[in-house]
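Below, each chain spelled out in residue letters.
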Amino acid sequence: MTIGFHQKDFLLAVEGLTVSFDGFKAVNDLSFYVDENEIRVIIGPNGAGKTTVLDLICGKTEATSGSIRFRGQELTRMTENQIVEAGVGRKFQTPSIYDDLTVFENLEISYPRGRSVVGALAFRRDAAVRERVEAIAEMIFLKDRLDINADLLSHGQKQWLEIGMLLIQEPALLMLDEPVAGMSVSERIKTAELLKRIIKNHTVLVIEHDMKFVEDIAHKVTVLHQGQILSEGKMEKVKADPKVIEVYLGH
Ligand code: ADP
Ligand code: MG
């Protein structure tokens, strides 16, 4: 294993990461580094290993070898819950909201609970929760939808709600897998706005196929192909890379 001499400068340092499924290396000796307050977008053809990278970071899949350093902690040795507590939030491709609860309730149940409190303290806590739920609802464009059931939201609004349910837990790193898939053009524009707003105090790692959206939000792009990096850097550079055009953008 390489010694990550520049690890400490990065919020997330992935080094030599490999996962083998019955001998097939879905992620193969992968290294990349994400800065604090950066929006990093991972692109690449289907089967490139993008979702698997997020699975490895959030602890859903166990690495075969390699290192994932996050704020000085080695995530490959931690459980999924410990990784969430360390400040990594993950949104999956399909929304996991509670359809029969209101928008308010969905956000409320996601609020991180400390020890239980009673009386005046509980009252103060409830007020703090309400304030936080309202602030998040405003950020995710659902302030006027707080009291409706989540199943009445549009597909895009459900995606925002789920992002809100992650944000309320204040993760340092937010990981999103194809957040604008199935969204209308105006919803995509608002989602880009939302991500740009949240990186003031978060870092975002996002997988996306919509190149217009990627161009709009990415600080840097990592192109994956067969579990390895094909190209990396600013969008203009990556877009002009003949290797990227050949395996991905040309299709
Ligand atoms: P992407 O998100 O880039 O489309 P994935 O990360 O989902 O790609 O998958 C990368 C490759 O790894 C695919 O060939 C997929 O079939 C395989 N793969 C992913 N997860 C598993 C698993 N749990 N077991 C076996 N193979 C898997
Ligand atoms: Mg995927």
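Preceding this paragraph is the structure being described.
These numbers were taken from a predicted model, which means no experiment stands behind them.

Caption draft 1: View of the overall build of the protein. Each helix and strand counted, the protein has nine helices and 10 strands in total. What you see for the protein is a C-alpha radius of gyration of 19 Å, in line with the 18 Å of a compact globule of 251 residues. The principal-axis extent of the C-alpha atoms belonging to the protein is close to 60 × 40 × 35 Å. Counting over 251 residues, the protein shows a buried share of 50%. Intrachain contacts of the protein at a sequence separation of at least 6 include 67% that bridge at least 24 residues. Accessible surface, the protein: about 12,600 Å² in total, of which carbon and sulfur atoms supply 50%.

Caption draft 2: Seen up close, the site of ligand 1. Ligand 1 sits among Phe21, Phe24, Ala26, Pro45, Asn46, Gly47, Ala48, Gly49, Lys50, Thr51 and Thr52. Within the backbone of Gly47, a nitrogen or oxygen atom sits 2.8 Å from an oxygen atom of ligand 1. A distance of 2.9 Å separates an oxygen atom of ligand 1 from a polar side-chain atom of Thr51. For ligand 1, whose free accessible area comes to 570 Å², the fraction covered by protein is 58%. Looking at the shell around ligand 1, the elements that each hand over two or more residues are strand S2 (24-34) and helix H1 (50-57). Ranked by residue count, the leading element in the shell around ligand 1 is H1, at three residues. Classifying every residue of the shell around ligand 1 by side-chain character gives five nonpolar, five polar and one charged.

Caption draft 3: Main features of the packing of helix H3 (residues 103-110) against helix H5 (residues 155-167). For the pair H3 and H5, interaxial distance at closest approach is 8 Å and the crossing angle is 30 degrees. The angle between H3 and H5 falls in the class roughly parallel. As H3 runs across H5, the sense of the crossing is right-handed. Counted together, Val103, Asn106, Leu107 and Ser110 of H3 and Leu161, Gly164 and Met165 of H5 form the full contact between these two elements. Looking at the contact of H3 with H5 residue by residue, the classes come out as four nonpolar, three polar and no charged.

Caption draft 4: Structural context of unusual backbone geometry. Here Asp22, not a glycine, exhibits a phi torsion of approximately 50 degrees, which is positive. Counting through the fold element by element, Asp22 comes out in the loop between strand S1 (12-21) and S2. A residue is classified by how much of its surface remains accessible, and Asp22, at 86% relative accessible area, is exposed.

Caption draft 5: Structural context of the pairing of S1. Burial within S1 is extensive, with eight of its 10 residues counted as buried. Pairing analysis gives seven bridges linking S1 to S2, with the strands arranged antiparallel. Of the residues in S2, the one forming a bridge with Leu17 is Leu30.

Thresholds applied
Residues numbered from 1 in each chain as written. Chains lettered and ligands numbered in written order. Predicted model: local features only at pLDDT ≥ 70, side-chain atom pairs only at ≥ 80, totals over all residues. Heavy atoms only, no water. Helix = DSSP H or I, 4+ residues; strand = E, 2+ residues; numbered from the N terminus. Rg over C-alpha atoms; globule rule 2.2 N^0.38 Å. Buried < 20%, exposed > 50% of the residue type's maximum accessible area, 1.4 Å probe, protein only. Contact = heavy atoms within 4.5 Å. Areas by Shrake-Rupley, 256 points an atom, 1.4 Å probe, with all protein chains shown as cover. Near = heavy atom within 4 Å. Polar contact = N/O pair within 3.5 Å; in protein donor to acceptor, adjacent residues only side chain to side chain. Nonpolar A, V, L, I, M, F, W, Y, C, P; charged D, E, K, R; others polar. Axes fitted to C-alpha atoms, helices over the stretch in contact; angles between N-to-C directions. Parallel < 35°, antiparallel > 145°, perpendicular 65-115°, else oblique. Left-handed = near helix turned anticlockwise from the far one by under 90°. Pairing = 2+ DSSP bridges.

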